[in-house]
Amino acid sequence: MAELSLIEALRAGIDEAMAADERVFIFGEDVGKRGGVFRVTEGLQDKYGPWRVIDSPLAEGIIVGACIGAALYGMRPIAEIQFADFIWPAMNQIVSEAARICYRSNGDWNVPLVIRAPYGGGIHGALYHSQSVESIFAHVPGLKVVVPATPYDVKGMIRSAIDDPNPVLFFEHKKTYRLIKGQVPDGEYRVPIGKADVKRQGSDVTVITYGLMLHYALEAAEALAGTDGIETEVLDLRSVRPLDVEAILASARKTGKVLIVHEDNLTAGIGAEVAALIAEHAFEYLDAPIMRLCGPDVPAMPFAATLEEAFMPSPEKIAAKLRELAAY
Amino acid sequence: MTDVQPGSVATGLDHGDLVAIYEKMLLARLLDERQWILNRQGKAPFVISCQGHEAAQVGSAYALTPGKDWILPYYRDLGVVLTLGVTPSEVMMGLFARAGDPNSGGRQMPAHYGYRKLKIVTQSSPTGTQVPHAVGIGLGIKIRNELAGRIVDDAVAWVSFGEGTSSQGEVHEAMNLAGIHRLPVIFVCENNGYAISVPQRMQMGIENVADRAAGYGFPGVVVDGGDPIACYEATLAAVERARRGEGPTLLEFKCVRLTPHSSDDNDRTYRTPEEIKAIRQHDPLARFAAYLQAEGILNEAREAELRERIKRLVNEATAAAEAAPPPDPATLLQHVYCGDQ
């Protein structure tokens, strides 16, 4: 057991996968000598050589497109998109190709591909280095979309993503890279895709969330327990496609009061789907309307600190919403 | 266009090969013509043609090794897939969207080829998306060879597209990457002068797509796409170059499109009657038949016998596919995720 930052845990998981399977290789901008602009792949090219960690040309379409081809050939590519905001040139390859290849070939072909991308804001990255893009991909059958938020989960889930015979979008909140530290076992382990995790037990209200917001929700829950005596259950989705429907319904039935928190825009975000599932399958257990606290419907957060703060959900905003929900 | 020149001996093709190439061209043509008839009878909702491309397709595919090389065709490549081993009845299963369609089990429109057993990679309808895949396969081959320190896999990735598709950014990105790492990829542009109704002069400011290869650092070759021997020779040279680890080649086969873009198109709305008539003068099938007859390789009796045999094949394939069952509606949700069924 060691205490690792999220970025160290992620690197350790990738390193283990590369050591275990020569077919695993990394392809993306600046991933080689530089080790990625966030340094996720630091040291890996020295260890595995220039044909396992390959600097791509600056073109997201070919990063994903070539990785699809390599996956079809039998490799296990990890594509890195430098920022999730820059993933759109690869949209055609992800949605029209990777997601559909198994279906359209009647199971004849499949694409074991991991696409990693740092996402999210609160780091003064403005509109083009702060986006949350997960819900757009979560809409697409054939893709798996994961958003792990703790060092333990990140390491276990990157291994599951690499093992998976399907394309997996692996989103990492860039603010958690160095901010979040946690205990990580030394040996190999897996965290399954499609399973949520109760990160804090509680009986009064439920927060359903993922990514950086998990940590803000945990902070709010601790504060409320101390000041208001409200016991909050915090469910970390970890995977937004597939969703862990059972875990969502179990927590909603347990507390009867649900707040969904995500940094992504409110409208048609993951929260809308979670709310619909609860309304359809756990309506009679509810003691209050399902509430949402999300990023507002602006294209992404602006640069100025005041505007960024206004955009981001925070522990304080979550605590206030939870008080409102508990009192309902 | 120049006439087909003798010289087959130099290519390594003997008379048997030339007749085999002609047979595949004829099969592609007769199978294609039958599909149009079925469309006009209301039995097949959609048909897209290879007519005019048979020489390029069969000649080029003849230089590949079925089951070894990776094939990423586009929707016109009926001649390519037939040459590599897809059967007429399998093609017809795709046309009728039968459960036994090896391309997609009736999920995709006809002519979206894909067949893992033959390393024919599944394709989609957005054009050009297959070109990055070919380059990725080339990258996979290169990585394996580099890690081994020698050539352990000398397969090539052969990918085709039309000149209209060469306008797509993904095609540029793919060729750029292939040039950077000298990947074993054969880029094949089957240039028939039209992207549905838009002529080449509205697609690009140059005459030859092949000229672009220089910008990516590898050879580009313009080939008479009506001459199967020339297409074979050019492809073989590119394949051998790629197998030696020397990198990609862009081949541009100048073809004609003898039909409208698809069964939903009417080319009389944008082509003059004179042009349509003139294009017919460049039918590669008639040209190659005339060549084989002039060389004494084929005579009228043999030709008639061939046609008869192939017509029978087409009839049998049509009947078998028409009688085959459609996909079971219960399979609608299968294979969304691989390994989940």
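Calculation notes
- Residues numbered from 1 in each chain as written.
- Chains lettered and ligands numbered in written order.
- Predicted model: local features only at pLDDT ≥ 70, side-chain atom pairs only at ≥ 80, totals over all residues.
- Heavy atoms only, no water.
- Helix = DSSP H or I, 4+ residues; strand = E, 2+ residues; numbered from the N terminus.
- Rg over C-alpha atoms; globule rule 2.2 N^0.38 Å.
- Buried < 20%, exposed > 50% of the residue type's maximum accessible area, 1.4 Å probe, protein only.
- Contact = heavy atoms within 4.5 Å.
- Areas by Shrake-Rupley, 256 points an atom, 1.4 Å probe, with all protein chains shown as cover.
- Lys, Arg positive; Asp, Glu negative; His and termini not counted.
- Charge placed at Lys NZ, Arg CZ, Asp CG, Glu CD.
- Expected span 1.5 Å × (residues − 1).
- Arc of directions from axis to C-beta.
- Axes fitted to C-alpha atoms, helices over the stretch in contact; angles between N-to-C directions.
- Parallel < 35°, antiparallel > 145°, perpendicular 65-115°, else oblique.
- Nonpolar A, V, L, I, M, F, W, Y, C, P; charged D, E, K, R; others polar.
- Pairing = 2+ DSSP bridges.
- Core = buried A, V, L, I, M, F, W, Y, C linked by side-chain atoms within 4.5 Å.
- Disulfide = S-S within 2.5 Å.
- Left-handed = near helix turned anticlockwise from the far one by under 90°.
- Buried area = accessible area lost by both parts, 1.4 Å probe.
- Salt bridge = Lys/Arg side-chain N within 4 Å of Asp/Glu carboxyl O.
- Polar contact = N/O pair within 3.5 Å; in protein donor to acceptor, adjacent residues only side chain to side chain.
- Phe/Tyr/Trp six-rings, centres within 6.5 Å; stacked < 30°, edge-to-face > 60°.
- Lys NZ or Arg CZ within 6 Å of the ring centre and 35° of its normal.

Draft legend 1. Molecular detail of the overall build of chain A. Secondary structure summary: chain A contains 13 helices and 14 strands in total. For chain A, the C-alpha radius of gyration of 19 Å lies close to 20 Å, the compact-globule estimate for 328 residues. A principal-axis box enclosing the C-alpha atoms of chain A has dimensions of 60 × 40 × 40 Å. The proportion of buried residues among the 328 residues of chain A is 64%. Of all intrachain contacts in chain A linking residues separated by at least 6 positions in sequence, the fraction that spans at least 24 positions is 83%. For chain A, the computed accessible surface area is about 11,500 Å², with 54% contributed by carbon and sulfur atoms. Charge centroids of chain A, computed over 31 positive and 44 negative side chains, lie 2 Å from each other.

Draft legend 2. Highlighting helix α13 (residues 315-327) of chain A. All names here are of chain A. Taking 1.5 Å of rise per residue, 13 residues should cover 18 Å, and α13 covers 18 Å from first to last C-alpha, within 8% of that figure. Inspection of α13 places Pro-315, Ile-318, Ala-319, Leu-322 and Leu-325 among the buried residues, and these make up the whole buried set. Take α13 and look down its axis: the buried residues cluster within an arc of 125 degrees, on one side only. For α13, the exposed residues lying more than 90 degrees away from the buried face are Glu-316 and Ala-327. Looking at the packing, one finds that the buried side of α13 touches β10 (205-209), α9 (212-227), β11 (232-236), β13 (258-265) and β14 (291-295).

Draft legend 3. Region of interest: the packing of helix α3 (residues 60-73) of chain A against helix α4 (residues 91-98) of chain A. Residues and elements named next belong to chain A. The interhelical angle for the contact between α3 and α4, taken along N-to-C directions, is 30 degrees, at an axis separation of 8 Å. As summarised for this structure, α3 and α4 are arranged roughly parallel, according to the angle between their axes. Taken together, the residues of α4 that come into contact with α3 (itself represented by Gly-61, Val-64, Gly-65 and Ile-68) are Gln-93, Ile-94, Glu-97 and Ala-98. Across the contact of α3 with α4, the residue classes tally to 4 nonpolar, 3 polar and 1 charged.

Draft legend 4. Broad picture of the sheet that holds strand β6 (residues 220-224) of chain B. Residues and elements named next belong to chain B. Taking strand neighbours across the sheet as the criterion, the 5 strands line up as β1-β2-β3-β7-β6 in an open arrangement whose pairing is parallel. With partners counted over all chains shown, the strands left at the sheet margins are β1 (70-72) and β6, one partner each. Each strand axis lies, on average, 20 degrees off the axis of its neighbour in the sheet, ignoring direction. On top of the sheet, helix α6 (residues 130-148) reaches β1, β2 (157-162) and β3 (185-191); it is set at about 165 degrees to β2, its chief contact. Helix-sheet contacts for helix α7 (residues 169-181) involve β2, β3 and β7 (249-254), and the interaxial angle to β3 is about 145 degrees.

Draft legend 5. Structural view of the nonpolar core. If you look at the biggest cluster of nonpolar residues, it comprises 90 residues, and the most contacted ones within it are Phe-137, Phe-171 and Ile-278 of chain A together with Phe-187 of chain B. With 10 residues, the single largest contributor to this core is α3 of chain A. Of all hydrophobic cores here, the second largest spans 72 residues; its members include Leu-78, Ile-229, Ala-242 and Leu-306 of chain B.

Draft legend 6. Quick peek at the side chain of Ser-60 of chain B. Relative to the helices and strands, Ser-60 of chain B is located in helix α3 (residues 54-61). The contact partners of Ser-60 of chain B, leaving out residues within four places of it in the chain, are Ala-55, Trp-158, Val-188, Cys-231, Tyr-232, Thr-235 and Phe-253 of chain B.

Draft legend 7. View of the state of the cysteines. Residue and element names in this part refer to chain B. As enumerated under the stated definition, the model contains 0 disulfides over all chains in all. Left unpaired, Cys-231 is separated from the closest cysteine sulfur, that of Cys-255, by 6.6 Å. Judged by relative accessible area, Cys-231 falls into the buried class, the value being 0%.

Draft legend 8. A look at the environment of Val-37 of chain A. Residues and elements named next belong to chain A. Positionally, Val-37 belongs in the loop between β2 (24-28) and α2 (44-48). For the pair Val-37 and Gln-82, spaced 45 residues apart in the sequence, the C-alpha separation amounts to 7.3 Å. If sequence neighbours within four positions are ignored, Val-37 has contacts with Asp-30, Gln-82 and Phe-83.

Draft legend 9. Inspection of the sheet that holds strand β12 (residues 239-241) of chain A at higher detail. Residues and elements named next belong to chain A. Strand order in the open sheet made by the 7 strands is β3-β2-β4-β5-β7-β6-β12, with mixed pairing throughout. At either end of the open sheet lies a strand with only one pairing partner, and these are β3 (53-55) and β12. Neighbour-to-neighbour, the strand axes of this sheet turn through a mean angle of 20 degrees, independent of strand direction. Summarising the sheet, strand β6 (residues 144-146) and strand β7 (residues 168-173) pair through 3 bridges and their orientation is parallel. By the bridge assignment, Val-145 is partnered in β7 with Leu-169.

Draft legend 10. Examining the packing of α3 of chain B against helix α9 (residues 228-243) of chain B more closely. All names here are of chain B. Where α3 meets α9, the closest approach of the two axes is 7 Å, and the angle between their N-to-C directions is 40 degrees. Between α3 and α9, the interaxial angle falls into the category oblique. The handedness of the crossing between α3 and α9 comes out as right-handed. Residues Ala-55, Ala-56, Gly-59 and Ser-60 of α3 touch α9, and the partners they reach there are Pro-228, Cys-231, Tyr-232 and Thr-235. A breakdown of the residues in the contact of α3 with α9 according to their chemical character gives 5 nonpolar, 3 polar and no charged.

Draft legend 11. A look at the interface of chain B and chain A. Facing 43 residues of chain B, the contacting portion of chain A comprises 41 residues. Note on chain B versus chain A: buried area summed over both sides is about 3,800 Å², and carbon and sulfur give 64% of it. When the buried area of chain B at its contact with chain A is split by residue, Arg-116, Tyr-337 and Cys-338 of chain B rank highest and sum to 19% of it. Counting across the interface, chain B meets chain A through 0 salt bridges. Counting across the interface, chain B meets chain A through 23 residue pairs in polar contact (both at pLDDT 80 or more). Classifying every residue of the side of chain B that touches chain A gives 19 nonpolar, 15 polar and 9 charged.

Draft legend 12. Molecular detail of the packing of aromatic side chains. Here the structure, examined in full by the defined rule, presents 16 aromatic pairs over all chains. Judged by centre distance (4.9 Å) and plane angle (55 degrees), the ring pair of Tyr-74 of chain B and Tyr-75 of chain B falls under tilted. As far as the burial class goes, Tyr-74 of chain B and Tyr-75 of chain B line up, both buried. Pairwise contacts between aromatic rings join Phe-38, Phe-83, Phe-86 and Tyr-177 of chain A into one cluster. Looking at Arg-107 of chain B, its charged tip hangs above the ring of Tyr-103 of chain A, at a distance of 3.8 Å from the centre.

Honestly, it's all geometry; don't read function into it.
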